[in-house]
Amino acid sequence: MDLAERYAFPTYLLRQKVFKLFGEDFHIFDPDGNVVLYSKQKAFKVKEDIRVYADESMAQEVLTIRTQSIFDISGTYGVVDPTTGETVGALKRHGFKSMIKDQWTLYDDRGEEAGQIIEDSTFKALVRRAHDIASALMPQAYHATWQGQPAAVFKQNFNPFVRKIAIDFTPDTGNRLDPRLGLAAAILLCAIEGKQN
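Bear in mind that the values here come from a model prediction, so they are computed numbers and not experimental data.

**Topic: the overall build of the chain**
For step 1, the next point in the chain: Summing up its helical and strand segments, the chain has four helices and 12 strands in all.
For step 2, the next point in the chain: Here the chain holds 197 residues, and 46% of them are scored as buried.
For step 3, the next point in the chain: Expressed as a percentage of contacts within the chain between residues at least 6 apart in sequence, the contacts between residues at least 24 apart total 38%.

**Digging into the sheet that holds strand S6 (residues 76-81)**
For step 1, the next point in the chain: Read once around its circumference, the closed barrel built from 12 strands follows the order S1-S2-S3-S4-S5-S6-S7-S8-S9-S10-S11-S12, with strand pairing classed as antiparallel. Sheet twist, expressed as the average angle between the axes of neighbouring strands with direction ignored, equals 20°.
For step 2, the next point in the chain: Sheet topology note: the strand S10 (residues 141-146)/strand S11 (residues 149-157) ladder contains six bridges and is antiparallel. The residue bridging threonine 145 from the neighbouring strand is proline 150, located in S11.
For step 3, the next point in the chain: Most of the contacts of helix H4 (residues 179-191) go to strand S7 (residues 86-93), to which it runs at about 35°, and overall it touches strand S1 (11-17), strand S2 (24-29), strand S3 (35-41), strand S4 (49-53), strand S5 (61-66), S6, S7, strand S8 (103-107), strand S9 (113-119), S10, S11 and strand S12 (162-168).

**Some details on unusual backbone geometry**
For step 1, the next point in the chain: Its identity is not glycine, yet methionine 58 carries a phi of approximately 60°, on the positive side.
For step 2, the next point in the chain: The topology assignment puts methionine 58 in the loop between S4 and S5.
For step 3, the next point in the chain: Residue methionine 58 is classed as partly exposed on the basis of its relative accessible area of 35%.
For step 4, the next point in the chain: Phi is positive for glutamine 147, close to 55°, though the residue is something other than glycine.
For step 5, the next point in the chain: Its place among the elements puts glutamine 147 in the loop between S10 and S11.
For step 6, the next point in the chain: Under the relative-accessibility criterion, glutamine 147 is labelled exposed at 54%.

Cut-offs and rules
- Residues numbered from 1 in each chain as written.
- Predicted model: local features only at pLDDT ≥ 70, side-chain atom pairs only at ≥ 80, totals over all residues.
- Heavy atoms only, no water.
- Helix = DSSP H or I, 4+ residues; strand = E, 2+ residues; numbered from the N terminus.
- Buried < 20%, exposed > 50% of the residue type's maximum accessible area, 1.4 Å probe, protein only.
- Contact = heavy atoms within 4.5 Å.
- Pairing = 2+ DSSP bridges.
- Axes fitted to C-alpha atoms, helices over the stretch in contact; angles between N-to-C directions.

Note that every value here comes from positions in space, so none of it alone points to a role or purpose.
What follows is the structure, given as structure tokens:
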């Protein structure tokens, strides 16, 4: 399967093993259950540097997600396609706002603000943060927009051993959001926001 095919599906499932001693593994599956992307995040890094590969062999690196900031609650994460050297875009976490309700800004390949990712409900977000059981009973959901239009939905399916996020690009009827940026967003939602629950 070539890279264009890997980014062409309308839906994906991201799966992360929750209990790992060193680092985190992320598998992204197509609708038929085939692994189309794999990421292994190293543990104990002071700066986020996430590499995404075509498969578990890690022979072909297809995306990098990196921040230059150290311990920045509002870090900006650049997404680059190392196969072409192309800047795909960036995501900026709204640190203090995200303490109440997760919010991210999406930037296009020119560095211009182009969209947002926002947690589904302020009430649910507050309840999730107040009670561990509530976060299990009310898994997080996020809605992404691009140029003011619906672009994607990310829905967490809580499992005590495996964290899963269903990724749905079907709201983006104009194919405006680069799926590479959308998939990078899903990994960050799992890696960064998932740690608060």
